[in-house]
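Next come the chains, spelled out residue by residue.
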Amino acid sequence: WNDTLKPESMSRDPTEFSFWVAGNLPLDDKLKLHLLRTDSAIQRLRCELSIMKKCAVLRCRECEQLIANKKDVFTMSREGPMGTFVNPGGHVHEMMTVMKAKGIQEYGRASAENSWFPGYKWTIIECSSCHIHMGWKFTATKNKLKPNKFWGLCRSSLHPAFDRETEEEEESLESSLMLY
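Scoring rules and cut-offs
Residues numbered from 1 in each chain as written. Predicted model: local features only at pLDDT ≥ 70, side-chain atom pairs only at ≥ 80, totals over all residues. Heavy atoms only, no water. Helix = DSSP H or I, 4+ residues; strand = E, 2+ residues; numbered from the N terminus. Polar contact = N/O pair within 3.5 Å; in protein donor to acceptor, adjacent residues only side chain to side chain. Contact = heavy atoms within 4.5 Å. Core = buried A, V, L, I, M, F, W, Y, C linked by side-chain atoms within 4.5 Å. Buried < 20%, exposed > 50% of the residue type's maximum accessible area, 1.4 Å probe, protein only. Salt bridge = Lys/Arg side-chain N within 4 Å of Asp/Glu carboxyl O. Axes fitted to C-alpha atoms, helices over the stretch in contact; angles between N-to-C directions. Parallel < 35°, antiparallel > 145°, perpendicular 65-115°, else oblique. Left-handed = near helix turned anticlockwise from the far one by under 90°.

Enquirer: How should I be thinking about the side chain of Ser 111 in this particular structure?
Expert: For Ser 111, the position within the fold is in strand S5 (residues 104-111). Within the structure, the side chain of Ser 111 is placed 3.1 Å from the backbone nitrogen of Glu 113, a separation counted as a polar contact. Other than its neighbours up to four places away in sequence, Ser 111 contacts Lys 121 and Trp 122.

Enquirer: Help me understand the nonpolar core, please; the structure alone is not making it clear to me.
Expert: Nonpolar side chains in soluble globular proteins tend to end up buried together. Formed by 14 residues in total, the largest nonpolar core has its most connected members in Ile 67, Met 96, Val 98, Met 134, Leu 153 and Leu 158. Those residues in contact with Ile 67, other than ones at most four positions away along the chain, are Leu 58, Arg 59, Cys 60, Lys 100, Ala 101, Lys 102, Gly 103, Ile 104, Met 134, Leu 153 and Leu 158. The next biggest cluster of nonpolar side chains, apart from the first, holds 10 residues, and it includes Phe 85, Phe 117, Tyr 120 and Ala 140.

Enquirer: How should helix H1 (residues 14-24) be read in this particular structure?
Expert: Helical geometry note: an α-helix holds 3.6 residues per turn, so side chains three or four residues apart project in the same direction. Along H1, the residues classified as buried are Ser 18, Val 21, Ala 22 and Asn 24. The secondary structure elements touched by the buried residues of H1 are helix H2 (29-37), helix H3 (41-54), strand S3 (82-86) and strand S4 (92-98).

Enquirer: When you look at the pattern of salt bridges in this model, what are you seeing that I'm missing?
Expert: Oppositely charged side chains are able to pair whenever their charged atoms sit close together. Enumeration over the complete set of coordinates arrives at 4 salt bridges. Note that Glu 94 is salt-bridged to Lys 32, the shortest N-O span being 4.0 Å. Residue Glu 94 is located in strand S4, and its partner Lys 32 is located in helix H2; the two are separated by 62 residues in the primary sequence. Looking at Lys 32, the relative accessible area reads 9%, which means it is buried. Of the charged contacts in the structure, one is a salt bridge between Arg 155 and Glu 94, with a shortest N-O distance of 2.7 Å. Of this pair, Arg 155 sits in the loop between strand S8 (149-154) and strand S9 (158-162) while Glu 94 sits in strand S4, placing them 61 residues apart in sequence. Exposure remark for Glu 94: the relative accessible area of 27% places this residue in the partly exposed category. Each of Lys 32, Glu 94 and Arg 155 takes part in salt bridges that share partners, so that together they form one network.

Enquirer: Got a minute to help me understand unusual backbone geometry in this structure?
Expert: Backbone geometry follows two general trends: most residues other than glycine have a negative phi, and most peptide bonds adopt the trans configuration. Going from Lys 146 to Pro 147, the amide bond is cis rather than trans, its omega being -5 degrees. Within the secondary structure layout, Pro 147 lies in the loop between strand S7 (133-140) and S8.

Enquirer: Help me understand the packing of H2 against H3, please; the structure alone is not making it clear to me.
Expert: Angle between the axes and distance between the axes: these two values describe a pair of packed helices. Two numbers describe how H2 lies on H3: the axes approach to 9 Å, and their chain directions differ by 150 degrees. With respect to H3, the element H2 is oriented roughly antiparallel. The handedness of the crossing between H2 and H3 comes out as left-handed. Residues Leu 31, Leu 35 and Leu 36 of H2 pack against Arg 44, Cys 47, Glu 48 and Ile 51 of H3.

Here you go:
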């Protein structure tokens, strides 16, 4: 899911690595809990690998609008592409960073106030189809910052979709995960 991570920054311990992978995949709570309850690190890693192989895109959880491709996921911090952030109101957001997003629209004005990424201003984004909150677009305030823009997508607004998005395939994946 992410080519920008450096292998030397990842744990070599299979258990620690399997939990890190589970924490950095954009999974719904039910599937994430299933992974985290799996007793064997090897089984957990096999399950995670199956998900990563079959999943190709991220869609809006409400209306299935295509939001991002997995090739656009990148790491903006040392912890990985998924991070947990708290806004000034105390709301916690699990957010995945992507280089490109589609099927979204901006809402409101850009602001640099309370930005989670110094040097970037943020704008709220929503699904262009159903208008649920999808996250934020971050734009560099100085030309020399790279990337000059990226999107932070809320895990709670997304669901991973598979190459052939059918109920049968999703049920097949869920069934195969239960075997692990």
